[in-house]
Amino acid sequence: MARSLGRKLPQPLVERLAQRDLSARLGVALPFVTLGADGRPHPMLLSYLEVRAYDSGTLGLVLQSRSASARNLGARGVGTLLILEPDAIVYIKARTIDGPLDVEGADALGYFLLAVDEVLEDAAAEWEGPMRVTSGVTYAPPPPLDAPWVRATLAALATPRARA
């Protein structure tokens, strides 16, 4: 059952999404859901490489600028990031502050600055007993941190930015 943690990321989530221990989190996929033009959810997968918490209220996100998810985020301005791992089941509802902005060195990528609207934490209900999530969604192989698109993504997420 999900319960609201409020309109800000708790400090452990800020730390988790701050990219300080990025190499340990590579290989973990994070679902991100936007709202399609037809009013239906539109899912995609991100990684800890492509999202960064700057503080408890703002996130940076880099994704393919020509993707349906980028169009949806630009047009409707809302998305939900899901963390689905054994130690955390969290839904972060966010809205666009700005984006997509160009990512220098990677024409196919766009940067979005998002404001956190609500954070929900999901936990097993008492009647579910010992049932728990035992693994997250993973991918392999993790990308090398020196790949050009990885360097461009990390540089784009280094500091929050928006048009003046």
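Everything in this summary refers to the structure shown in the same document. (Residues numbered from 1 in each chain as written. Predicted model: local features only at pLDDT ≥ 70, side-chain atom pairs only at ≥ 80, totals over all residues. Heavy atoms only, no water.)

## Comments concerning the pairing of strand β3 (residues 41–47)
Put simply, the rule is: Paired strands, in this sense, are two strands between which DSSP finds at least two bridges. Secondary structure elements follow DSSP: runs of H or I of four or more residues count as helices, runs of E of two or more count as strands, with numbering from the N terminus.
Here strand β2 (residues 29–35) runs beside β3; their pairing, made up of seven bridges, is antiparallel. The residue of β3 that forms the bridge with T34 is H42. Counted along the chain from β2 to the antiparallel partner β3, the turn is five residues long, and its residue G39 has a positive phi close to 85 degrees.

## Observations regarding the pattern of salt bridges
Test applied: By definition here, a salt bridge exists when the distance from a side-chain nitrogen of Lys or Arg to a carboxyl oxygen of Asp or Glu is within 4 Å. Here's how the labels work: a residue is buried when its accessible area is under 20% of the maximum for its type, exposed when over 50%, partly exposed in between, all with a 1.4 Å probe on protein chains only.
Tallying each qualifying case throughout the model produces seven salt bridges. The partner of D87 in a salt bridge is R16, with the nearest N and O atoms 2.9 Å apart. Taken as a pair, D87 in the loop between β6 (78–85) and β7 (88–102) and R16 in helix α1 (residues 11–16) lie far apart in primary sequence, 71 residues in all. Taking the relative accessible area as the measure of exposure, D87 reaches 58% and is therefore exposed. Here the residues in one salt-bridge network are R7, R95 and D117, joined through shared partners.

## With respect to unusual backbone geometry
A cis amide bond links G99 to the next residue, P100, at an omega of 0 degrees. Tracing the chain through its elements places P100 in strand β7. Backbone torsion omega between A140 and P141 reads -10 degrees, so that peptide bond is classified as cis. The backbone of Q19 sits at a positive phi, close to 65 degrees, despite the residue not being glycine.

## Quick notes on the packing of aromatic side chains
Counted only if it meets this: Only rings of Phe, Tyr and Trp enter the pairing, Trp through its six-membered ring, and a pair is recorded when the two centres are within 6.5 Å. The plane angle decides the type: under 30 degrees is stacked, over 60 is edge-to-face, the rest tilted. Placement of a positive charge over a ring is assigned whenever Lys NZ or Arg CZ falls within 6 Å of the ring centre and within 35 degrees of the normal to the ring plane.
Scanning the entire structure with this criterion turns up zero aromatic pairs. Of note, R25 hangs over the ring of Y48, and the distance from its end group to the ring centre comes to 5.2 Å.

## Some points on the side chain of S47
Stated precisely, the cut-off is as follows: Contact between two residues is taken to exist if any of their heavy atoms lie within 4.5 Å; hydrogens are not considered.
Structurally, S47 is set in strand β3. Given the relative accessible area of 4%, S47 is considered buried. What S47 contacts, discounting residues up to four positions off in sequence, is V28, L30 and Y139.

## Some words on the nonpolar core
Nonpolar side chains tend to gather and get buried jointly when the protein is soluble and globular. Going by this rule: Only buried Ala, Val, Leu, Ile, Met, Phe, Trp, Tyr and Cys residues count toward a nonpolar core, and they belong to the same one when joined by side-chain atoms within 4.5 Å.
By size, the foremost hydrophobic cluster in this structure holds 31 residues, and its most contacted members are L9, L17, L61, I83 and I92. Broken down by secondary-structure element, the contributors of at least two residues to this core are α1, β2, β4 (51–53), β5 (58–64), α3 (68–76), β6, β7 and β8 (109–122). In this view, L9 contacts V14, A53, D55, S56, L59, I92, V116 and V119; residues no more than four positions away in its chain are not counted. Of all hydrophobic cores here, the second largest spans 11 residues; its members include Y54, A106, Y111 and L157.

Keep in mind that these numbers describe shape and distance, not what the molecule does.
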